[in-house]
Protein chains: 2
Amino acid sequence: MHIQSVTTRDRRFTLADGAGSDAIHRTPQYSYAVCVLKTDAATEGIGLAFTLGAGNDLVCRAIDYLSEPLVGREIEELMADFGTTYRALADSPSLRWLGPHKGVVHLALAALVNACFDLWAKSRQLPLWKLLLDLSPEALVNTLDLSYLEDVLTRRQAIDLLTKSQATRSCRENVLKTGYKGYDTSVGWFNFSDERIVANTKTAMDRGFTALKLKVGSTDPQRDLRRAELIRETAGDAATIMLDANQRWNVPQALTICRELSRINPFWIEEPTHPDDVLGHRAIADAMAPYKVATGEHIPNKVIFKNFLQAGAMAFCQVDAVRVGGISEFLTVSLLAKQLNIPVVPHVGDMGQIHQHLVLFNHIGMEHENLFLEHIPHLRPYFTHPADLVRGYYQVPQEPGSSSDLID
Amino acid sequence: MHIQSVTTRDRRFTLADGAGSDAIHRTPQYSYAVCVLKTDAATEGIGLAFTLGAGNDLVCRAIDYLSEPLVGREIEELMADFGTTYRALADSPSLRWLGPHKGVVHLALAALVNACFDLWAKSRQLPLWKLLLDLSPEALVNTLDLSYLEDVLTRRQAIDLLTKSQATRSCRENVLKTGYKGYDTSVGWFNFSDERIVANTKTAMDRGFTALKLKVGSTDPQRDLRRAELIRETAGDAATIMLDANQRWNVPQALTICRELSRINPFWIEEPTHPDDVLGHRAIADAMAPYKVATGEHIPNKVIFKNFLQAGAMAFCQVDAVRVGGISEFLTVSLLAKQLNIPVVPHVGDMGQIHQHLVLFNHIGMEHENLFLEHIPHLRPYFTHPADLVRGYYQVPQEPGSSSDLID
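Residues numbered from 1 in each chain as written. Chains lettered and ligands numbered in written order. Predicted model: local features only at pLDDT ≥ 70, side-chain atom pairs only at ≥ 80, totals over all residues. Heavy atoms only, no water.

As named in an unreviewed UniProt entry, chain A is Mandelate racemase, taken from Larkinella knui. Under the UniProt heading Cofactor (unreviewed entry), the note attached to chain A is "Mg(2+)". (UniProt positions renumbered as here; feature names shortened; annotations may be inferred.)

Rendered as structure tokens:
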């Protein structure tokens, strides 16, 4: 199957009634820069990158600039050594001055890379998770670019890690029967009233969720505390509650407020400060212990993840395949995190569509902990195969590809 | 003077014959995304952001998106509280998902911010350095956004630092008579032959330069070593020689090669590895001591600079006002660096046009060391007031504004 052309679509979805709001982003418009690989068959590869609307067209334009070398390539031949192509694209000598490995151009790379993996899985008639599990350790590592990680993870170490995991896979394949647990992010969006978050909490628990997220970062920290206590009271002591500040605090503020919020026994506090501040997160993590810090949705590449992981600045790694350089860099970061013994709990800019595949692979193929995956339902009507949750568990996707197809 | 409209120009300049080449970027096309503020007077504010060509149009488009809130603003009123505007633009809730504070959108902010400072100085009929020196500490700090730096530099500390510097300014104003020393980056571009770098070294020294830069990062490290030794032999032991790897090495490679290159007694080694790798730079700096690491041209914002400075990962801070969020963020990073006692030696994506002003202010107004400023002559023909060097010293610019006007 050959890639004949690369086109883009700029898809933006307005959310209703406070959904998606956080302390920084009050009226988000969930948007995808969509990369479409057309082939000599009927099959199309679809790749997503996630933005909040404005500038989504810039990502589409950047896809046009990056994609030229892929036209004419045969998909199996391309993916057999995709790491080399990835690096050549990521280090495109002029475009990398717009990064490198961050911002609009790197989001464009995400969409392009994701389309390649989607096409690859579709061409083999396999769901992405199954494609990844079928690859040998060498073949998997050949899809990655491990440059600039050599001080922490060499190619040899990556292959060894995957090979070692293969021996014990059968112990972890039970997840293909149970499905992968989800957690509900949508009970406590920032703009929601107290009444609404209480009602949402009840509904979520009735539907089988036992892990919930609340947006914090209010101008008045007492609002955060009140809402957090409301959810804790409603959900009970056994529930898992995560708090998400979306970068709202500076380091001294975070140190003070996190201490107060720890009263409700949060499972993690997410994005307590600026996403580039490795040492700030480390200081907050130290001060908050035994409570834990999660971050990742705004960390653009493997090198910054490496620093966060090395510094002990994140206890949960929230890498997102539609926010870093695609599935390839997601897997690279997952290997890094495994090497440094930190669990991966993806952020889902893709609404879990792609990540429902990736967490299955991470758990079975890489021995990452079977924890839970974020669930956000707001774009269900727009996907051809929306992720299906039953009693709070993602059902194992069976359709070929990465479940990224959007209804026109 | 009111801003009536904001337009952009996409200017790209092809360089001749290997000029500008480095280990990563072999055929650069020096380019500016130019922001033009038109006013109700004849005066225009001109702001530059620097790229290597491809995607320069994306930066121009992002300027269009960011600039809307500035239309109609009166320049004195705008600049009296510019820090607030800066933060609002940098944290534009949707566009910040394309960063935040990095990549295409942040480069667009650079051009916009630089145009505001240029217009402000022109409207007062002052060269930028003089405008900045005339501001009170409070007025200067009002042009900055110090958010996310509070753990290292508060507003009060910034004002105190500037106030303390004011008392001793007269000791440092001699630089207005001597001019600011330049260093020559153009003797040793990566693609130049051995003969050419020897000839260039001789010419540079004949013209009064005593500090020179050589590009390293060859596939064969012996080429780097040979060229470095050639320049050292030609220039003599008294000359200051800087080596620049442009991110070519991973950390283990850098540790090995830097040790070998230290034989020629380099003043610094620049960008030894990936620009996001704070801890990698720290490891290299530790291993190279007493030789020193410089970096900054690919560090996009104050938060990452904060981490580099906190970690002891850079001995020279090469912040560039056309690569971070403009003159405002340049000054913010300069204050941070002063607070943490690290000299600022800017990278000059602007070919020194704006930075010739900024180093005068940094030295006189902020007590930064009077070291030297990079000089690159390749775009002289295109500037209305090209920087003027005499016997290796930048002459103090006298034209109103930031010397950013380009010939059409």
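Comments concerning the overall build of chain A
Summing up its helical and strand segments, chain A has 15 helices and 12 strands in all. Relative to a compact globule of 408 residues, whose C-alpha radius of gyration would be 22 Å, chain A shows 20 Å and is just as compact. Seen along its three principal axes, the alpha-carbon backbone of chain A occupies a region of about 60 × 45 × 45 Å. Long-range pairs, those at least 24 residues apart, make up 75% of the contacts in chain A with a sequence separation of at least 6. Carbon and sulfur atoms make up 49% of the accessible area of chain A, which totals about 12900 Å². Charge centroids of chain A, computed over 40 positive and 48 negative side chains, lie 2 Å from each other. (Helix = DSSP H or I, 4+ residues; strand = E, 2+ residues; numbered from the N terminus. Rg over C-alpha atoms; globule rule 2.2 N^0.38 Å. Contact = heavy atoms within 4.5 Å. Areas by Shrake-Rupley, 256 points an atom, 1.4 Å probe, with all protein chains shown as cover. Lys, Arg positive; Asp, Glu negative; His and termini not counted. Charge placed at Lys NZ, Arg CZ, Asp CG, Glu CD.)

A word on the relation of the copies chain A and chain B
When chain A is fitted to chain B, the best match, at an RMSD of 0.0 Å, comes from turning it 180° and sliding it 0.0 Å along the axis. Overall, the copies show the geometry of a two-fold rotation axis. Of every C-alpha in chain A, the one belonging to A:G103 sits nearest the axis of rotation, 2.2 Å from it. Comparing interface residues between copies, 100% of those in chain A also lie at the interface in chain B; the contact surface is shared. (Least-squares fit on C-alpha atoms with pLDDT ≥ 70 in both.)

Focus on the pattern of salt bridges
All chains considered together, the criterion is met by 55 salt bridges over all chains. Ionic pairing is found between A:D408 and A:R9, a salt bridge with its closest N-O pair at 3.6 Å. With A:D408 in the segment after β12 (393-394) and A:R9 in strand β1 (residues 3-14), this residue pair connects regions lying 399 residues apart in the sequence. Owing to a relative accessible area of 77%, A:D408 belongs among the exposed residues under this scheme. Two residues, B:K164 and B:E367, come together in a salt bridge whose shortest N-O distance is 3.5 Å. (Salt bridge = Lys/Arg side-chain N within 4 Å of Asp/Glu carboxyl O. Buried < 20%, exposed > 50% of the residue type's maximum accessible area, 1.4 Å probe, protein only.)

Focus: the pairing of strand β2 (residues 29-39) of chain B
Residue and element names in this part refer to chain B. Summarising burial for β2: 9 of the 11 residues are buried, a large majority. In terms of strand pairing, strand β1 (residues 3-14) meets β2 through 11 bridges, oriented antiparallel. Along β2, the bridge assignment pairs V6 with L37. Bridge count between β2 and strand β3 (residues 44-51): 8 bridges; the pairing is antiparallel. When the sheet's bridge partners are listed, V34 is paired in β3 with L48. Hairpin connection, β2 to β3: the antiparallel pair is bridged by 4 residues. (Pairing = 2+ DSSP bridges.)

Focus on helix α13 (residues 302-310) of chain B
The element α13(B) is largely enclosed, with a buried count of 8 among its 9 residues. Of the residues making up α13(B), those classed as buried are B:K302, B:V303, B:I304, B:F305, B:K306, B:N307, B:F308 and B:L309. Each element contacted by the buried residues of α13(B) is listed here: α11 (251-261) and α12 (278-288) of chain A together with α12 (278-288), β8 (293-295), β9 (316-317) and α14 (326-339) of chain B. Backbone nitrogen of B:V303 and a side-chain oxygen of the N-cap are separated by 2.9 Å at the start of α13(B); the cap is B:N301. Just past α13(B), the residue B:G312 takes up positive phi, approximately 65°. (Polar contact = N/O pair within 3.5 Å; in protein donor to acceptor, adjacent residues only side chain to side chain.)

Quick notes on the interface of chain A and chain B
Size of an interface, as often reported, equals the accessible area lost when the parts are brought together. Facing 54 residues of chain A, the contacting portion of chain B comprises 54 residues. Here chain A packs against chain B, burying approximately 4700 Å² in sum over the two surfaces, 61% of which is carbon and sulfur. Across the pair B:D57 and A:R61 runs a salt bridge whose closest N-O atoms are separated by 3.5 Å. Counting across the chain A and chain B interface gives 30 residue pairs in polar contact (both at pLDDT 80 or more). Only β3 (44-51), α1 (56-67), α4 (103-123), α11, α12 and α13 (302-310) of chain A provide two or more residues apiece to the side of chain A that touches chain B. (Buried area = accessible area lost by both parts, 1.4 Å probe.)

Brief notes about the environment of A:A311
Following the sequence through the fold, A:A311 ends up in the loop between α13 and β9 (316-317). On the basis of relative accessibility, which here comes to 8%, the residue A:A311 falls in the buried class. Setting aside residues no more than four positions away along its own chain, A:A311 makes contact with A:V278, A:R282 and B:L279.

Notes on the UniProt feature "domain: Mandelate racemase/muconate lactonizing enzyme C-terminal" (unreviewed entry) in chain A
In this numbering, the UniProt entry assigns the feature "domain: Mandelate racemase/muconate lactonizing enzyme C-terminal" (unreviewed entry) to residues 194-291 of chain A. For residues 194-291 of chain A, helix accounts for 51% and strand for 13%, while the C-alpha atoms at its two ends are 25 Å apart.

Section: the sheet that holds β3(B)
Residues and elements named next belong to chain B. Strand order in the open sheet formed by 3 strands is β1-β2-β3, and the pairing between neighbours is antiparallel. Whereas interior strands pair on both sides, the edge strands pair on one side only; in this sheet they are β1 and β3. Averaged over all pairs of adjacent strands, the angle between their axes in this sheet comes to 20°, without regard to strand direction. Contacts from helix α4 (residues 103-123) reach β1, β2 and β3 within the one sheet, and its direction differs from that of β3 by about 150°. (Axes fitted to C-alpha atoms, helices over the stretch in contact; angles between N-to-C directions.)

Re the domain arrangement of chain A
All names here are of chain A. Domain boundaries in chain A define domain 1 (3-125) and domain 2 (169-394). A straight line from the C-alpha centre of domain 1 to that of domain 2 covers 24 Å. If you look at the interface, domain 1 gives 27 residues, while domain 2 gives 32 residues. In this assembly, domain 1 packs against domain 2 so that about 2500 Å² is buried in total across both faces, 65% of it on carbon and sulfur atoms. Of all residues in domain 1, A23, Y30 and F50 bury the most surface against domain 2, accounting for 18% of the area lost on that side. (Domains from an automatic or database assignment.)

Considerations on the sheet that holds β3(A)
Residue and element names in this part refer to chain A. With antiparallel pairing, 3 strands are arranged side by side in an open sheet as β1-β2-β3. The open sheet terminates on both sides in strands that have one partner only, identified here as β1 and β3. In this sheet, adjacent strand axes meet at a mean angle of 20° when their direction is disregarded. Packing against the sheet, α1 makes contact with β1, β2 (29-39) and β3, and its axis sits at approximately 170° to β1. Helix-sheet contacts for α4 involve β1, β2 and β3, and the interaxial angle to β3 is about 150°.

Overview of helix α14 (residues 326-339) of chain A
All names here are of chain A. Given a rise of 1.5 Å per residue, 14 residues ought to cover 20 Å, and the 20 Å separating the end C-alpha atoms of α14 matches this to within 8%. Counting buried positions along α14 yields 12 of 14 residues, so the element is predominantly enclosed. Turning to α14, its buried residues are G326, I327, S328, E329, F330, L331, T332, V333, S334, L335, L336 and A337. In the segment just after α14, N341 is the residue with positive phi, at about 65°. (Expected span 1.5 Å × (residues − 1).)

Looking at the packing of α4(B) against α14(B)
Residues and elements named next belong to chain B. The interhelical angle for the contact between α4 and α14, taken along N-to-C directions, is 95°, at an axis separation of 5 Å. Taken together, the axes of α4 and α14 are roughly perpendicular relative to one another. Across the interface between the two elements, H106, A110, V113, N114 and F117 from α4 touch G326, I327, S328 and E329 from α14. When grouped by side-chain class, the residues that make up the contact of α4 with α14 number 4 nonpolar, 4 polar and 1 charged. (Parallel < 35°, antiparallel > 145°, perpendicular 65-115°, else oblique. Nonpolar A, V, L, I, M, F, W, Y, C, P; charged D, E, K, R; others polar.)

Quick word on the packing of aromatic side chains
Under the counting rule described, the total for this entry stands at 30 aromatic pairs over all chains. Between the aromatic rings of A:W97 and B:F50, the centroid separation amounts to 5.5 Å while the plane-to-plane angle is 90°, which identifies the pairing as edge-to-face. Placement of A:W97 in the loop between α3 (82-90) and α4 and of B:F50 in strand β3 is noted, with the two residues assigned to different chains. Residues B:W268 and B:F316 carry aromatic rings whose centres are separated by 5.1 Å and whose planes lie at 50° to one another, so their mutual orientation is tilted. Highlighted residues: B:W268 in strand β7 (residues 268-270) and B:F316 in strand β9, separated in sequence by 48 residues. Each member of the pair, B:W268 together with B:F316, is buried. An aromatic cluster of three or more residues is present, and its members are A:F13, A:Y30, A:Y32, A:F50, A:Y382, A:F383 and B:W97. A cation sits over an aromatic face here: B:R196 above B:F192, 3.7 Å from the ring centre. (Phe/Tyr/Trp six-rings, centres within 6.5 Å; stacked < 30°, edge-to-face > 60°. Lys NZ or Arg CZ within 6 Å of the ring centre and 35° of its normal.)

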